Amino acid sequence: MSKQKLMEIIVVSGEILIIAGAAVWITGWVGSRFIFALGALLFATGRLFSEHEGKNGDVVLRRLYVQQNIGVVFALIAALLMFFYDRLNGIEVFDYVVRSTASAWLLPFFIFVVLEVYTTFRISSELKKESLELKNRQDKL
């Protein structure tokens with residue numbers, strides 16, 4: 001099994017655990033945060049160590065891969081907030097008292113989901129466009 005295939009399996013299993021942890025969170029079960037955190041760690045490991053497709057010089061693809069990595073950071077922040085939201089409650093930051101609830105992780109999770117969906121579709125579109133351009137260049141030769 002190649003390294004790239006292993007990273008794809010890790011990413012998909014992490015995504016499944018993230019979705020399962022977020023879905024089970026509604027029930028209030030304490031174990032849901034562990035499922036979510038394990039999924040976020042697997043997803044981050046797989047995504048950050050996977051090789052990128054496409055030309056190295058393509059600015060659009062590089063930007064989209066950077067956005068994917070930013071989404072990974074938001075997934076990890078969401079996992080941390082699932083565990084430590086209660087410790088944030090009452091902290092004073094520049095004369096502002098932070099009020100935190102158990103759903104504090106939802107905003108970074110939502111940002112992660114939006115970035116993930118956007119970059120997934122855009123990367124596949126850019127790769128398809130790149131392969132068509134390469135095919136057209138080969139046909140002209």
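Structure's up top.
On a predicted model such as this, the values are computed, not experimentally measured, just so you know.

### Quick notes on the overall build of the chain
Next up, step 1: A count of helices and strands for the chain gives four helices and two strands.
Next up, step 2: The helix and strand sequence of the chain, counted from the amino end, reads α-α-α-β-β-α.
Next up, step 3: Rg of the C-alpha trace for the chain: 19 Å, well past the compact-globule value of 14 Å for 141 residues, more than 25% over.
Next up, step 4: Principal axes of the C-alpha set define a box for the chain whose edges measure 70 × 40 × 20 Å.

### Brief notes about the packing of aromatic side chains
Next up, step 1: Scanning the entire structure with this criterion turns up eight aromatic pairs.
Next up, step 2: Each ring, one from phenylalanine 34 and one from phenylalanine 83, has its centre 5.1 Å from the other, and the planes form 70 degrees; the classification is edge-to-face. Here phenylalanine 34 is found in helix α2 (residues 31-49), whereas its partner phenylalanine 83 is found in helix α3 (residues 59-88), with 49 residues between them in sequence.
Next up, step 3: The exposure class assigned to phenylalanine 34 is exposed, which follows from its relative accessible area of 52%.
Next up, step 4: Look at phenylalanine 83 and phenylalanine 84: their rings are 6.4 Å apart centre to centre, the planes differ by 45 degrees, and that puts the pair in the tilted class.
Next up, step 5: By relative accessible area, phenylalanine 84 is classed as partly exposed at 41%.
Next up, step 6: One aromatic cluster is present, built from ring pairs that chain together Trp25, Phe36, Phe43, Trp105, Phe109 and Phe112.

Thresholds, definitions, all that
- Residues numbered from 1 in each chain as written.
- Predicted model: local features only at pLDDT ≥ 70, side-chain atom pairs only at ≥ 80, totals over all residues.
- Heavy atoms only, no water.
- Helix = DSSP H or I, 4+ residues; strand = E, 2+ residues; numbered from the N terminus.
- Rg over C-alpha atoms; globule rule 2.2 N^0.38 Å.
- Phe/Tyr/Trp six-rings, centres within 6.5 Å; stacked < 30°, edge-to-face > 60°.
- Buried < 20%, exposed > 50% of the residue type's maximum accessible area, 1.4 Å probe, protein only.

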